[in-house]
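Observations on the model geometry
Read off the chains here:
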Amino acid sequence: MSDNIEEIQKSIKKYLIIGALLIVFTVITVWLSYVELPTHGLNILVGMIVATFKASLVALIFMHLNHEKSVIYKTLVFTVVLVFVLFVLFYFSKMDPLVFDGFYKLSE
Amino acid sequence: MSATTLDHDHAHAHDHHEPGFLRKYVWSTDHKVIGLQYGLTGLLFLLFGFFLMLLMRWSIAYPGEPVPAVEAIRNIPLIKDLFEAMFGRWLNPDGSLNGELYNMLGAMHGTIMVFFGIVPLGFAGFVNFVMPLQIGTIDMAFPKLNMLSYWFFFVSGVLMMYSFFVGTGPVQTGWTMYSPLATTTTLGVTNVWQHGHTWWLTAMVFNISASLLGSVNVIATIINLRAKGLGWMKMPFFCWAMFVTAFLLLLAFPPLEVAAILQLSDRVFGSSFYLPTGLMEGGKHLDISGGGSPLLYQHLFWFLAHPEVYVLILPAFAILTDVIPCNARRPLWGYKSMVYSVLTLGFLSFLVWAHHMYLTGMGTMMSTYFQITTVLISVPSVILLTCLMISLWGGSIRFNTQMLFASAFLPMFGIGGLTGLPLAFSFIDLAMHDTYYVIGHFHYVVAPGTIFALFAGVYHWFPKFTGRYMNDKLGKLHFWPSLLGMNLIFAPMFIQGMAGFHRRWYDGGKYFENTSGFTHWSTTLTHKVGAFFGLDIPDNMLSLNIVMSVGAFILALGQIPFIINFWFSIKGGKKAENDNPWGATTMEWATPTPPGHGNFLFEPVAHRGPYEYSVPGHPVDFFPQWESEHGKPKPDGSDAPAKTEHAATHH
Amino acid sequence: MDIPYTVHARPDTGLYNAKIGIWLFLASEVMLFGGLFSAYIFLRLGADYPWPVHDLDVTLGFWNTIVLIASSVTVVMAWASVKLRRYGQYKIYMAITVICAGVFMFNKSLEYKAKLKHYAVKLTDGTILTGHMPEDEHHNTIPYRIKFGEITELSLTIPVKKSAITADPVGYVIPHIEGEAPKFKTADGKEITLDDAAFAELSAAAVEKAWAEGKGSATVKLTAVTPLKAAAKPSEIFGYTADSITFRDGTTAKGKLLDDKMTLLVDGIDARGVAQPDKSLAFDHRYLGAWQPAFVANREHHIAEFEENYPTRDKEKSATLQKESLFYKIHSSTPPAADAAHGGDKHGAEAHAPAEGGHGGGHDYPTVVIDKKDITFFSNFTPKLNTYYAIYFTLTGLHGLHVVAGALVLLYFLVFNGRMLREDPEHLANRIEVGGLFWHFVDLVWIFLFPLLYLL
């Protein structure tokens, strides 16, 4: 974040635009969720891409992550890697490509 | 020197008057007091957890026989009621232990030792007291949060102890609290607040909040409050290890919080996060929707609990990197490689969790992945241990008590680490899982490993806490029985474990003759030694139970000198000659003894690396970080020549 | 002696302490919600029932998203206002932020409240009936109870070895018996009121006797002085037969079963779990047999519509079609005429109506009396219902806690930091930045929560 008065004055307009963008994308998310894509998995993928885009707007502009100090970037990169590991390994422990059927499927 | 501190404090008490007892020792925001609060609470919990273990060992060695001294305890007023409410009400009518009580003791021993003993003492206690001094600042970055952290921890301890008194008694399902067992045992209890499990989970939520606040504080302090000149690579390894530990706590604990919240929801709201469809108990379908999975709990739990193992061991390394160079009078060998190793270790420790779960059937790919990462993580651990060993090379070692503990740590941790390697492989783990082998491995790491290092730390920094030494003779009387006791307890576990003894047998294997009925050289030896003393010890695997219980008894006796030493030395120990009695180089020894509010009497500046021992050409065999040249500035802040007449008091 | 860098940044890191602190805290929060989201992934992949999509109130969720985004804008504007020393604007923006938080939580409470009164009953063949329990004149739900009468004898089993649950009639039996302080007779003819003291005496004597006889447990029989009545939720008892009921402490009472039927005002029939939906148990002549033509007509209509729109796609694989065709929503107390079942104007509302919405008024829905033997499981729309509602309540509940906590902090800045605003605005700006970072994070979590729980 900068302490420069002029820059802050300029960024006020930016905040309003981003707020409007977020609302527009919320409408898009809702609309997309009613569109019947070939599989529901695609719906989820598209929805998550839009949500990630919105989230990165919030993080970059509102939370000033577009110009932050290196210590914070290092911490966050580490954290994001770990969250990603968590997601991926949780996914693979249900969807093991070497053993296809989950262990708790009721169907069998 | 303490007089100087006091004078100094009064001189600077311009905007606040001397705080009262409550503000100074109870609701204190001073990092040193909070460190001591954490440390003392941790020591008490360690003692309590140890006592639980003694009861368990009795039942293992002598199943079905009345616990000694129960009758005596039941005749002491007040204690009698407490004992009755906590343990007595579960005992068999003849005073012997049963399986349920054994399970309670086992679960609480694990929980208390890990979350209420070692982490508060090893991490929170030492980091709070020592770290701000070592980086040359006046306090932690957020003193009020620091106080809150301790009191959250205190509340969690009270809640955990309260679970002994509720209707069902404390949890019986192990410190891992695996669902669905943990959620469905004693499901008949409709009032969840009468259930030990609810209190365990609530206590853990507070405990996690406490460590969250503590770790944020530690990291922010190390990043932003280092003294002038103290660059990252001039920072003592103690601070590096604690820095990494704090990151582990910060990022690994939240998934456990999730696990605890979801399990609490299963218990209180009847949800099915961890309960699979069609779960039955006692021949009846439970009144649940199902659809969850026990595997989810294990993933969330071990995502914390594996980094937690490093939270237990890294403070030990942190302490030893101060104790060993100081008493070997040698620089720490391989400082940089140790720093990079500990960072690698911290990162890798997040990626190995499911090697605790090979038996869950989580899938071939997951098993393969976790075997690889698990073998990888042994590399940085070995680097750390090797560096400490090489640091001894060619040193002129002072074998005072802390150095005895530190040097015992090295082989003990070595045994613990090496016996862990086979467990990294899923095919060996299939046979070893949940046997005493695992228990032996883990305890070699944390009991003669971490706890010895913690004792070394207590002996090392005691003069800084109080201005007095702990007694060295009593210290040695503490060390040798401890070393003997620890090995007598844990070494036979490997033999029993490989023979197939399961870790949760409250009768120690008496009713499993196929497992316990055969002999081994160690059992024959025990039998013969027993016969020499006129004891009838059977010549089969059960005899090792008796060896272990004797070991536990020796270990218990060994702690008595420590307790005496600790309390008597506060007022009656030999006075420390100066502010740096061990001739150490890191900045905590630049403060007056004990350090007053604000710590330093001058603005500390780091002029050199943290381990400048036996520098060639230097008049004494250590060159502290804060000295710009020999003897300047002195800890009281004076460096004017007129006041340095006893600048050479250091030995 | 003050702690350095509380207001101004340390030159080499470029940060003041609180900013490092809040980012570390947020990293920890990322792991907390990361853990919850990975639990969501795990549960969704492992779900053995159709994962609810669009079942929550999308409109309410949408407006809550807008409210939260608006508050995110205002909080960053509040920070900018302090930086620019426009104090009046700052106060307005901050007040709006806090009000937004209030609106968000109010909407949330509406959403939660509707779910507590709404029930789902799973029948033995997998059909799920949704609906409401009947209400008394104060609009309080009359809960489902198993009713027992003519209870004459209690039989308590007291184990000798202490275990976590022993017979505890005071805790488990007496609360379900109608009337105050019922009296019992022991085997030796003594008349007692079963309270803690009396039971302790009774069990101590029984255990002593059993221990002496070498038995593992003692059985104590008590006779009721006057026949008693009891009523209990199915979850509060272990089991019952026509002439005996076992409470959760193992105590068995002999008596006569009066009533174990459940009354439900049905507002939906979910036959997705049934092999032959039109032969679902729900259409048994005792229950909703009259609705079967309407159900079939609705199904045919949606299938035809789907075939028209997506001729190449597999009908079995469309979760939306499965839901629209097999989850039939009921809006009146009598079945519509067969041809009006899918009136064009009503169809849209039907497809998108929230499953848990609705209103408890009894006259709108058909009343069904369900036999206990046909019910495998029932619950209101709480975490107990299924893993979806469990993770929904956990995620939104924790998120709600964060909203409340964040709003309280911001409110504190607004109300109590007036002096700091005048004397040390830079310090207050830092505080607001830190509080704002937390607030944005809460918004960021909601950005993921809304599609994952409401839409996808």
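No experiment lies behind these values; they were computed from the predicted model shown.

Reading the values: rules and limits
- Residues numbered from 1 in each chain as written.
- Chains lettered and ligands numbered in written order.
- Predicted model: local features only at pLDDT ≥ 70, side-chain atom pairs only at ≥ 80, totals over all residues.
- Heavy atoms only, no water.
- Patch = residues over 30% accessible without salt bridge, like charges linked within 9 Å, V, L, I, M, F, W, Y side chains within 5 Å.
- Areas by Shrake-Rupley, 256 points an atom, 1.4 Å probe, with all protein chains shown as cover.
- Salt bridge = Lys/Arg side-chain N within 4 Å of Asp/Glu carboxyl O.
- Helix = DSSP H or I, 4+ residues; strand = E, 2+ residues; numbered from the N terminus.
- Expected span 1.5 Å × (residues − 1).
- Domains from an automatic or database assignment.
- Contact = heavy atoms within 4.5 Å.
- Buried area = accessible area lost by both parts, 1.4 Å probe.
- Polar contact = N/O pair within 3.5 Å; in protein donor to acceptor, adjacent residues only side chain to side chain.
- Axes fitted to C-alpha atoms, helices over the stretch in contact; angles between N-to-C directions.
- Parallel < 35°, antiparallel > 145°, perpendicular 65-115°, else oblique.
- Left-handed = near helix turned anticlockwise from the far one by under 90°.
- Nonpolar A, V, L, I, M, F, W, Y, C, P; charged D, E, K, R; others polar.
- Buried < 20%, exposed > 50% of the residue type's maximum accessible area, 1.4 Å probe, protein only.
- Lys, Arg positive; Asp, Glu negative; His and termini not counted.

All right, on to a nonpolar patch on the surface then. Residues and elements named next belong to chain B. A cluster of nonpolar side chains, namely Leu 40, Leu 47, Phe 553, Leu 557, Ile 560, Ile 563, Ile 564, Trp 567 and Phe 568, defines an oily patch on the protein surface of about 880 Å² accessible area. Elements with a contribution of two residues or more to the nonpolar patch: α3 (31–61) and α20 (542–572). The dominant element in the nonpolar patch, judged by the number of residues it contributes, is α20, at seven residues. Examined against the element boundaries, Ile 560 turns out to sit in helix α20.

As a further point, take helix α13 (residues 364–392) of chain B. Helix length check: α13(B), at 29 residues, gives a terminal C-alpha distance of 44 Å against a target of 42 Å (1.5 Å per residue), a fit within 8%. Phi for B:Gly394, located one or two positions after α13(B), is positive at around 70°.

Let us look at the domain arrangement of chain C. Residues and elements named next belong to chain C. For chain C, the assigned domains are domain 1 (17–116 + 385–455), domain 2 (119–135 + 263–380) and domain 3 (146–262). Using only C-alpha atoms to locate each centre, domain 1 and domain 2 end up separated by 36 Å. Of the residues lining the interface, eleven residues belong to domain 1; the matching set on domain 2 comes to ten residues. A combined buried area of about 1000 Å² lies between domain 1 and domain 2, and 50% of that area is made up of carbon and sulfur atoms. Of all residues in domain 1, the largest losses of buried area upon contact with domain 2 belong to Pro 50, Asp 55 and Leu 385, amounting jointly to 49% of the total for that side.

Moving on, we get to the interface of chain B and chain C. The interface of chain B with chain C comprises 60 residues on the first partner and 48 residues on the second. Interface area, chain B with chain C, both sides summed: about 4400 Å², of which 70% is carbon and sulfur. Looking only at chain B, the three residues that lose the most surface to chain C are B:Asn224, B:Phe273 and B:Asp287, adding up to 13% of its buried area. For the pair chain B and chain C, the interface holds one salt bridge. Ionic pairing is found between B:Asp287 and C:Lys384, a salt bridge with its closest N-O pair at 2.7 Å. Across the chain B-chain C interface, the total number found is ten residue pairs in polar contact (both at pLDDT 80 or more).

Once that is clear, we can look at the packing of α13(B) against helix α14 (residues 401–420) of chain B. All names here are of chain B. For the pair α13 and α14, interaxial distance at closest approach is 11 Å and the crossing angle is 135°. With respect to α14, the element α13 is oriented oblique. At the point where α13 passes α14, the crossing takes the left-handed sense. Residue-level contacts link Leu 385, Leu 388, Met 389 and Leu 392 of α13 to Met 403, Phe 409, Leu 410, Phe 413 and Gly 414 of α14. Taken together, the residues of the contact of α13 with α14 break down into eight nonpolar, one polar and no charged.

Residue and element names in this part refer to chain C. With respect to the helices, strands and loops of the structure, Glu 29 is situated in helix α1 (residues 17–46). No salt bridge forms around the buried Glu 29; measuring N to O, its nearest opposite-charge neighbour Lys 108 is 17 Å away. In terms of polar contacts, Glu 29 uses its side chain to reach the side chain of His 402, at 2.6 Å. The residues contacting Glu 29, other than those within four sequence positions of it, are His 402, Phe 438 and Phe 441.

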